[in-house]
Amino acid sequence: MIDKMLKQDEGYKTKVYWDTEGYPTIGIGHLIMRVCTKDMKVICKELSSQVGRSITDGIITDSEAQALFAKDLQFVQSSINRHQKLYPVYNSLDNVRRNALENMVFQLGANGVAGFPSMLKALISKDWEGAKRHGLDSLWAKQTPNRAKKVTEVLRSGSLAGYGL
């Protein structure tokens, strides 16, 4: 289900686009490189190395997008499992709420999500209302309000209904 959540939150494109920070991106929010450039030769060279074939037009296949997403999700999950503040919280949650935490880490990184100590404490305590409230009381929620509202509602309810899933 995390792929369906992130397709809604990150979007899904098989052609290079630029995220809100100006970085070249493709697939389900896959950051091609952390360089703000519009130089398609540079972007295609890096993307070619990531998918294992020569790309000259900034377009990948659906299966290549899925493979990039699988690697990104594996990175997200391993960063959660290695993080001493996130690991115990993540392991205490049901699968749906784990997806919500993965969604946050996909966007903010493990250290970014670790910067929500009140929310994490509420999650450990199964204080779902508190987790939502603390998640929404953040710069993240001000910068990406629609995503934050959906993700924190998943944390509160344990349901993906807000995503239509």
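What comes next concerns the included structure. The structure presented is a predicted model; accordingly, all values stated were derived computationally and were not measured. (Residues numbered from 1 in each chain as written. Predicted model: local features only at pLDDT ≥ 70, side-chain atom pairs only at ≥ 80, totals over all residues. Heavy atoms only, no water.)

**Some words on the packing of aromatic side chains**
Working step 1: One pass over the full model with this rule turns up 2 aromatic pairs.
Working step 2: Seen from their ring centres, Phe69 and Phe106 are 6.1 Å apart, and the 45° between their planes marks the pair as tilted. Here Phe69 is found in helix α3 (residues 62-82), whereas its partner Phe106 is found in helix α5 (residues 95-114), with 37 residues between them in sequence. Phe106 carries the same exposure label as Phe69, and that label is buried.
Working step 3: Here the aromatic rings of Phe116 and Trp140 are separated by 5.9 Å at their centres, their planes lie at 85°, and the arrangement is edge-to-face. Residue Phe116 is located in the loop between α5 and α6 (117-124), and its partner Trp140 is located in helix α8 (residues 139-143); the two are separated by 24 residues in the primary sequence.
Working step 4: A relative accessible area of 10% places Phe116 in the buried class.
Working step 5: Its guanidinium or amino end placed over the ring of Tyr17, Lys13 lies 4.9 Å from that ring's centre, counting from NZ or CZ.
Working step 6: The cationic tip of Lys38 hangs over the ring face of Trp18; the distance from NZ or CZ to the ring centre is 4.3 Å. (Phe/Tyr/Trp six-rings, centres within 6.5 Å; stacked < 30°, edge-to-face > 60°. Helix = DSSP H or I, 4+ residues; strand = E, 2+ residues; numbered from the N terminus. Buried < 20%, exposed > 50% of the residue type's maximum accessible area, 1.4 Å probe, protein only. Lys NZ or Arg CZ within 6 Å of the ring centre and 35° of its normal.)

**A short note on the environment of Tyr90**
Working step 1: Position of Tyr90 relative to the elements: it lies in helix α4 (residues 86-92).
Working step 2: Exposure remark for Tyr90: the relative accessible area of 8% places this residue in the buried category.

**Points about the environment of Ile60**
Working step 1: Following the sequence through the fold, Ile60 ends up in the loop between α2 (40-51) and α3.
Working step 2: When its relative accessible area of 4% is taken as the criterion, Ile60 is described as buried.
Working step 3: When the C-alpha atoms of Ile60 and Leu47 are compared, they prove to be 8.9 Å apart, with 13 residues separating the residues in sequence.

**Notes on the side chain of Asn103**
Working step 1: Tracing the chain through its elements places Asn103 in helix α5.
Working step 2: On the basis of relative accessible area, Asn103 is assigned to the buried category, the value being 0%.
Working step 3: Sequence-distant contacts of Asn103, defined by excluding residues within four places in its chain, comprise Ile2, Met5, Leu6, Asp9, Arg147, Val151 and Tyr163. (Contact = heavy atoms within 4.5 Å.)

**Remarks on the pairing of strand β1 (residues 13-18)**
Working step 1: Sheet topology places β1 next to strand β2 (residues 24-27); 3 bridges connect them, and they run antiparallel. Looking across to β2, one finds that Trp18 is bridged to Pro24.
Working step 2: Taking the residues between adjacent antiparallel strands as the criterion, β1 and β2 are bridged by 5 residues, where Gly22 takes a positive phi near 95°. (Pairing = 2+ DSSP bridges.)

**Considering the nonpolar core**
Working step 1: Core analysis: the largest hydrophobic core is formed by 34 residues, its most contacted members being Leu86, Leu101, Met104, Met119 and Leu123.
Working step 2: For this core, the secondary-structure elements that each account for two or more residues are α1 (2-10), α3, α4, α5, α6, α8 and α9 (145-157).
Working step 3: Here the element with the most residues in this core is α5; it accounts for 8 residues.
Working step 4: Leaving out residues up to four positions away in the same chain, Leu123 has contacts with Val89, Ser92, Leu93, Leu101, Trp128, Ala131 and Leu155.
Working step 5: Counting residues in each nonpolar core, the second largest holds 12 residues, with Ile26, Ile32, Ala65 and Leu68 among its members. (Core = buried A, V, L, I, M, F, W, Y, C linked by side-chain atoms within 4.5 Å.)

**Quick word on the pattern of salt bridges**
Working step 1: Throughout the structure, instances matching the rule amount to 8 salt bridges.
Working step 2: For the salt bridge of Arg147 with Asp9, the shortest nitrogen-to-oxygen distance reads 3.8 Å. Highlighted residues: Arg147 in helix α9 and Asp9 in helix α1, separated in sequence by 138 residues. By the burial criterion, Arg147 is buried, and Asp9 matches it.
Working step 3: In this structure, the salt-bridge partner of Arg156 is Glu153, at a minimum N-O distance of 2.5 Å. Of the two residues, Arg156 and Glu153 are both situated in helix α9; the distance of 3 residues between them amounts to about one turn of the helix.
Working step 4: Using a relative accessible area of 27% as the deciding quantity, one classes Arg156 as partly exposed.
Working step 5: Accessibility expressed as a relative area gives 22% for Glu153, which makes it partly exposed.
Working step 6: Through salt bridges with shared partners, a single network forms among Asp9, Glu10, Arg147 and Lys150. (Salt bridge = Lys/Arg side-chain N within 4 Å of Asp/Glu carboxyl O.)

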